[in-house]
Amino acid sequence: MIQKRFMVGILAVLVSVAVAGSVHAKALMMATTTSTDNTGLLDYLAPEFTKDTGIELKWTSVGTGKALKLGMNCDVDVLLVHAPPAEKRYIKDGYAESRREVMFNDFVIVGPAADPAGVQGLTVATALSVIRERGKVFVSRGDNSGTNKKERLLWKAAGGPAPEKEAWYVQTGQGMLSTLNITAERGGYTMTDRGTYIKYSHQHGGKPPLNVLVEGGVILKNQYSVLILNSTNCPAVQKDLAQAFSAWMAGDKAQGLIADFRLLGMALFTPNAQ
Amino acid sequence: MDFIVDGFFRALVLLIHGDPQTLSAVATTLKAASLSIGISLIMGVPAGFCLGYYEFRGKKTARIIVDTMLALPTVFIGLLVYAFLSNRGPLGGWGLLFTIPAISVGQTILALPVITALTASTLDSLDQDLRLTLISLGANKRQLFFTTLWEVRYGIVAAAMTAMGRVMTEVGISMMVGGNIKWHTRTITTAIALETGKGMFAEGIALGLVLLAIALVVNVSVSVFRR
Amino acid sequence: MSRTLYTLSGVSRCYGADRALDCCTLTLYGGGITGIAGPNGSGKSTLLKLLAFIESPDEGSIFFQGREEHPFSSAVRHRVTLMPQTPFLMRRRVFQNVSYGLALKKDGEAVEARVRQSLSRVGLDFEKFAGRWPHELSGGESQRVALAARLILDPEVLILDEPTASVDAASSFLIKNALLDFAAKPGKTVILTSHDASWLEDVSDTVIFFFRGRQVPEKTGLMLFGPFYEDSGSGVWVKRGEKGAEIPVSSPPHAESVAAVPERCLQLGQGDGGDAVWFRAEVREVARRKGSPHAQVTLIGAGFPITLSCPVGDAPDPGAMVDVTYPLTDLQWL
C-alpha cells in the first residue's frame, strides 16, 4: 500500500542521516576566543596543522570566559585563550595542567576621528578617566571574554570601580567585530585587540570609521596561550592530541606562519613562544 | 544599505558557484533538521494521535503542557541540552556534544511539541464519522489507526513543515550545543550569526536568502506531493 | 423470515450526562426491511451504532444471531455495516472509497467489476464517477457513493441512519430502489431510520417506535416534557405553552415526567367521552399518500408539535385553527 511505502521512505531517510552524522575521525576539539577566529588566523593555520600532524582541528569560538568554562566541563580537549591572570588561577584551581604562551598582540583604544573626548595620545589610565568624567559613550564587550576582563582591569587601574550601569557605558555581550561595528554606529570609544582592529580596517578597505587613539605600554599587552586541560579533572580528554597542538603552535613553522599573517601589510599577532 | 543589494548578488554567486562553505552549512542544516523532524514525527505523531483522538483523564492538562512547550526558547533548550550532553553532564559519556546529533536532540525538543500539538488539533477537528465509517466498513484496530493517519496526512505534512521552519531557523540550539564548528556543525543560521558578528552583513543576508531558497524548494516539493 | 436476528437486553448508552439509550430491551427479526421511527434525540442513531457494533453499550448485552457480540469481533466485522447520516467519504477517489472495504478484507478479486456493479446499483456511471474526488460530488451523489461502498461488501445486515435526510428527490428515489433490491435477496436484512414517518412506513416491512431511549409500543402523536402545573381553581393539571395556552394532562407521577399520547388516540374536534379533553391547535401540514384513506396532519398546539391521522374527507386546510381531543386515560407517563 502507499502508506507503507511512505513510512519506509521516512525511516530510510532517517537512518541514512543518522549514519552520516556519526562518522568520527581523529579530531582535536578546541575552545578559543573570537579574535583568533574572526581575524581568520585559525582558518589559515588549521590546514597546515592537519597537513603536519594528520589531526583535524575543530574549534568553537566563544569568549575566553566561556572557553574556560567549556574546559572546566571537559567538553573540549584544548584551549587557546588570552586572559593570563584568569589562566593562572585556572591552573591553580586544577582545571589545566600547563600553559604555553604562543603569541601576543596589544590592546588599543579606538574612537571616532573627531575624538569628542579628546583622548588622543593620552595614557590608558588618563584616557579612561577622561571618558568617565565627560561621560562619552564607551562600548564594552560585557561578555567576560579576555578582552572584557582586561578592560575591567584597566578601569580599576584608572582609579575607581569599573563602570556598570552608567548611561554612557554600553555593554554589547557580543564578539569583538560586532562590538566595533556598534561602537562606530554610536560614535563612541572601545577597547579592542589590534588583530581584530586590523581585520576591521581591512573590511572597510583600509579606511575604517574608527581610529586608534590610545596605544602602547606594557599594560596593554595581549598574551595568547595554549592551555592543556588537567587529566585528573578530565580523564576523557585527548591529551596527546592537545600536546601535539601545543607543541606545533610553539614550533618554528607555526611561529613563522603567525608572523607572516598580515592584513593591509600589518601583522595581527606577534609570535613569542619560548 | 548597499549590503542588502550586495547580499542578494552574493546569494546568487554562493548558490550558482556552489561555494563549499555554504554547501557545508546547507548540508549540516538539512541533516540536523531532517534527523530531528524524523524523530519528532516518530514520537510526536502517535502522541498527537492519542491527544487528539482519544478521550482520557488528564487530557486537558496534557494539552496545556504541550501548548506551553511550544513557547520554549531555543537558547533555553540549548542550555538544557548542553547541561545533559556536557562531559560533566549525565549523558556526557555519549560524546555527542558539538556534533550534528547533539543539535538534533535539541531541535527534537523544539519540534516535538509543534508536531504533537498540530497533529492533535488535526485529529481533534477530524470528522467523527470517519471512525464510524471505517469500523462499519470492517476495519480492525490497526487498520483504523493507519487509515486515520493516512486521512490526516496533509495535516501531518503541514505540521512537519511548520516544525521544519522552526528548526531550520533556530540559532540558539545550534550555537550552544553545535558550537558553530566550521565544516562540522556550522549551520546556515549560526553562519549568519557569525558573519553578522564579523560585520559581514552582505554575507549574512546572502546566507539568509539561501535559507529562504531551501524553504521554497521544500514547500514547492510538498505542494507537488499533495497534488 | 422471522428468525431472531438481534436481541438487546437492558442496554444503556450514555454520552456524558445524556442517557441516549435507557435500559432498552428489544428483539429484531431478520429478513426484509425494519424501520425505526421516533423523534429527534430519541436514541435512534445510538441504537444503530450499537446494532452495527461500532460502539459498546455501557450496560446490558447485545446478542447477534444468539451470540453476544462486541465491536471489532470477527463474527460481525464483515457481516454488518452501517451508513451514517452524513455520508463520510475519505480523501480518495470514488473508486478507492467504494473498494476500501474490500481492501480491508484483502479481497482483490475482480475489484473493478464489483465497483462498477455497486455504482450502477445506486445509479452512478462508473466511467463518469470512479475517478472523481469527494469534493466533486453533490450531496446526493456522495450519499449514493457511501451506499455503494456498503453494497460492495455484500453484508448480511445493512443499517442506514436517515439515508434520505439531505438528498435530492432523484437520489432519494435511487437509494430507495437500491435498498428494496438489496432486501429482496435471500438472507439480507435492512434496518433504517428516517425523519419522514410516511416514507419509512412506505419502504419498511415492520416499523418499531422509539422514544427516550426505549422501544415504545406505538407511534406517539403528542409528547410533553415537565414541569406541569396544577390549576389551583379546578385542580386540573396542565402543560403551559406559548402565550398562556395550555394542554390538559392527567396528574403527573413526578415533576419531571414525560407525557406521551399515542397518535391513534388523537382526534380532531371536541371529544364527547367522559374523560375527553381538548385544546386549540393550528394546522401546519396535511399529507396524503396514494392508496391511503387517511391523511397525515401535523399541528402546533401551545407551541408543541402534534401529529395525527384522519380520514381524507375530514382533513382540515393548513393554517386553520382546530380543536384536538384525546381521552385523558390514554395519556401515558414515561
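Residues numbered from 1 in each chain as written. Chains lettered and ligands numbered in written order. Predicted model: local features only at pLDDT ≥ 70, side-chain atom pairs only at ≥ 80, totals over all residues. Heavy atoms only, no water.

Comments concerning the overall build of chain C
Counting its regular elements, chain C contains eight helices and 21 strands. Based on the C-alpha atoms only, the size of chain C along its principal axes is roughly 75 × 45 × 35 Å. Here chain C holds 334 residues, and the buried ones make up 48% of them. The long-range fraction of contacts in chain C, counting pairs at least 24 apart against all pairs at least 6 apart in sequence, stands at 67%. By element, 50% of the accessible surface of chain C is carried by carbon and sulfur atoms, the whole surface being about 15400 Å². (Helix = DSSP H or I, 4+ residues; strand = E, 2+ residues; numbered from the N terminus. Buried < 20%, exposed > 50% of the residue type's maximum accessible area, 1.4 Å probe, protein only. Contact = heavy atoms within 4.5 Å. Areas by Shrake-Rupley, 256 points an atom, 1.4 Å probe, with all protein chains shown as cover.)

Some words on a nonpolar patch on the surface
Among the surface-exposed residues, B:I4, B:V5, B:F8, B:F9, B:L12, B:L15 and B:I16 lie close enough to one another that they form a single nonpolar patch of about 700 Å² accessible area. Relative accessible area serves as the criterion here: at 39%, B:L12 is assigned to the partly exposed category. (Patch = residues over 30% accessible without salt bridge, like charges linked within 9 Å, V, L, I, M, F, W, Y side chains within 5 Å. Salt bridge = Lys/Arg side-chain N within 4 Å of Asp/Glu carboxyl O.)

Considerations on the packing of aromatic side chains
Following the criterion strictly, the structure yields 22 aromatic pairs over all chains and no others. Put simply, the rings of B:F49, B:Y53, B:Y54, B:F145 and B:F146 pair up and form one aromatic cluster. Taking NZ or CZ as reference, B:R153 lies 4.8 Å from the ring centre of B:Y154, over its face. When the ring centre of C:F129 is taken as origin, the NZ or CZ atom of C:R132, which lies over that ring, is 4.5 Å away. (Phe/Tyr/Trp six-rings, centres within 6.5 Å; stacked < 30°, edge-to-face > 60°. Lys NZ or Arg CZ within 6 Å of the ring centre and 35° of its normal.)

A look at the sheet that holds strand β4 (residues 59–64) of chain C
In a beta sheet, neighbouring strands are held together by backbone hydrogen bonds and run either parallel or antiparallel to one another. Residue and element names in this part refer to chain C. The sheet built from four strands is open, its strands ordered β2-β1-β4-β5 with antiparallel pairing. Two strands bound the open sheet, and with one partner strand each, they are β2 (18–29) and β5 (67–68). Sheet strands in contact with helix α1 (residues 44–51) are β1 (4–15), β2 and β4, and its direction is about 120° off that of β1. (Pairing = 2+ DSSP bridges. Axes fitted to C-alpha atoms, helices over the stretch in contact; angles between N-to-C directions.)

Observations regarding the confidence of the model for chain C
Residues and elements named next belong to chain C. In this model, chain C carries an average pLDDT of 87, and 99% of its residues clear a pLDDT of 70 or more. Highest mean pLDDT in chain C belongs to strand β7 (residues 157–160) (94); lowest belongs to helix α2 (residues 74–77) (80). As scored by the predictor, the complex reaches a pTM of 0.74 and an ipTM of 0.75. (pLDDT = per-residue confidence, 0-100.)

As for the pairing of strand β20 (residues 321–327) of chain C
Residues and elements named next belong to chain C. β20 sits mainly inside the fold: five of its seven residues count as buried. Relative to β20, strand β17 (residues 276–288) is paired through seven bridges, and the arrangement is antiparallel. Within the sheet, the bridge partner assigned to F279 lies in β20 and is V324.

Examining empty space enclosed by the protein
Here the structure, examined in full by the defined rule, presents six cavities of 30 Å³ or more. Considered as a void within the structure, the largest cavity measures approximately 70 Å³ in volume. As for the largest cavity, its lining consists of B:I135, B:S136, C:A52, C:F53, C:H70, C:P71, C:F72, C:V76, C:R77 and C:V80. Elements supplying a minimum of two residues to the lining of the largest cavity: α6 (128–136) of chain B together with α2 of chain C. The residue inventory of the lining of the largest cavity, partitioned by class, reads seven nonpolar, two polar and one charged. (1 Å grid on protein atoms, 1.4 Å probe; cavity = no way out; pocket = protein on both sides within 12 Å on 5 of 7 lines; lining within 4 Å. Points joined across faces, edges and corners; volume = space filled by probe spheres on them. Nonpolar A, V, L, I, M, F, W, Y, C, P; charged D, E, K, R; others polar.)

So, the interface of chain A and chain B
Every contact between the two is made by 31 residues of chain A and, on the other side, 32 residues of chain B. Together, the buried faces of chain A and chain B total about 2700 Å²; carbon and sulfur atoms form 61% of this surface. Seen at the junction of chain A and chain B, the total is one salt bridge. Among the salt bridges present, the one from B:K182 reaches A:D43, with a minimum N-O distance of 2.5 Å. (Buried area = accessible area lost by both parts, 1.4 Å probe.)

Considering the packing of helix α2 (residues 20–53) of chain B against helix α5 (residues 100–124) of chain B
Two numbers describe how α2(B) lies on α5(B): the axes approach to 6 Å, and their chain directions differ by 35°. Considering only the axes of α2(B) and α5(B), their crossing is right-handed. (Left-handed = near helix turned anticlockwise from the far one by under 90°.)

Thoughts on the nonpolar core
Of all hydrophobic cores here, the largest spans 141 residues; its most connected members are C:Y6, C:L147 and C:I159. It is α2(B) that provides the largest number of residues to this core, a total of nine residues. Counting residues in hydrophobic clusters, the runner-up holds 30 residues, among them A:A46, A:I198, A:L241 and A:W248. (Core = buried A, V, L, I, M, F, W, Y, C linked by side-chain atoms within 4.5 Å.)

Quick look at the packing of helix α8 (residues 176–186) of chain A against helix α9 (residues 194–203) of chain A
Residue and element names in this part refer to chain A. It is the contact of α8 with α9, at a shortest axis distance of 10 Å, that shows an interaxial angle of 60°. Between α8 and α9, the interaxial angle falls into the category oblique. Both α8 and α9 take part in a crossing whose hand is right-handed. Here M176, L177, L180, N181 and A184 of α8 lie close against α9, whose contacting residues are T196, Y197, K199, Y200 and Q203. Residue composition of the contact of α8 with α9, by class: six nonpolar, three polar and one charged. (Parallel < 35°, antiparallel > 145°, perpendicular 65-115°, else oblique.)

Some words on the environment of B:L126
Mapped onto the fold, B:L126 is located in the loop between α5 and α6. Along the backbone, B:L126 and B:I181 are 55 residues apart, and their C-alpha atoms lie at a distance of 45 Å.

Concerning the pairing of strand β8 (residues 189–193) of chain C
All names here are of chain C. Burial within β8 is extensive, with five of its five residues counted as buried. Residues of β8 alternate between two faces, with T189, I191 and T193 on one and V190 and L192 on the opposite face, all of them buried. Summarising the sheet, strand β3 (residues 32–37) and β8 pair through five bridges and their orientation is parallel. Paired with I36 across the bridge in β8 is T193. In terms of strand pairing, β7 meets β8 through four bridges, oriented parallel. Bridging from a neighbouring strand, I159 pairs with I191 of β8.

A short note on the domain arrangement of chain C
Residue and element names in this part refer to chain C. Domain annotation of chain C identifies domain 1 (4–216) and domain 2 (220–333). Centre-to-centre separation of domain 1 and domain 2, based on C-alpha positions: 34 Å. With six residues of domain 1 in contact, the opposing surface of domain 2 contributes four residues. Surface buried jointly by domain 1 and domain 2 totals about 510 Å² across both partners, of which 63% is contributed by carbon and sulfur atoms. Sorting the residues of domain 1 by area buried against domain 2 places S198, F211 and R212 first, and these three jointly supply 69% of that buried surface. Taken together, the connections running from domain 1 to domain 2 amount to zero salt bridges. Counting across the domain 1 and domain 2 interface gives zero residue pairs in polar contact (both at pLDDT 80 or more). Per-element accounting of the side of domain 1 that touches domain 2 gives the leading share, three residues, to helix α8 (residues 197–203). The class makeup of the residues in the side of domain 1 that touches domain 2 is three nonpolar, one polar and two charged. (Domains from an automatic or database assignment. Polar contact = N/O pair within 3.5 Å; in protein donor to acceptor, adjacent residues only side chain to side chain.)

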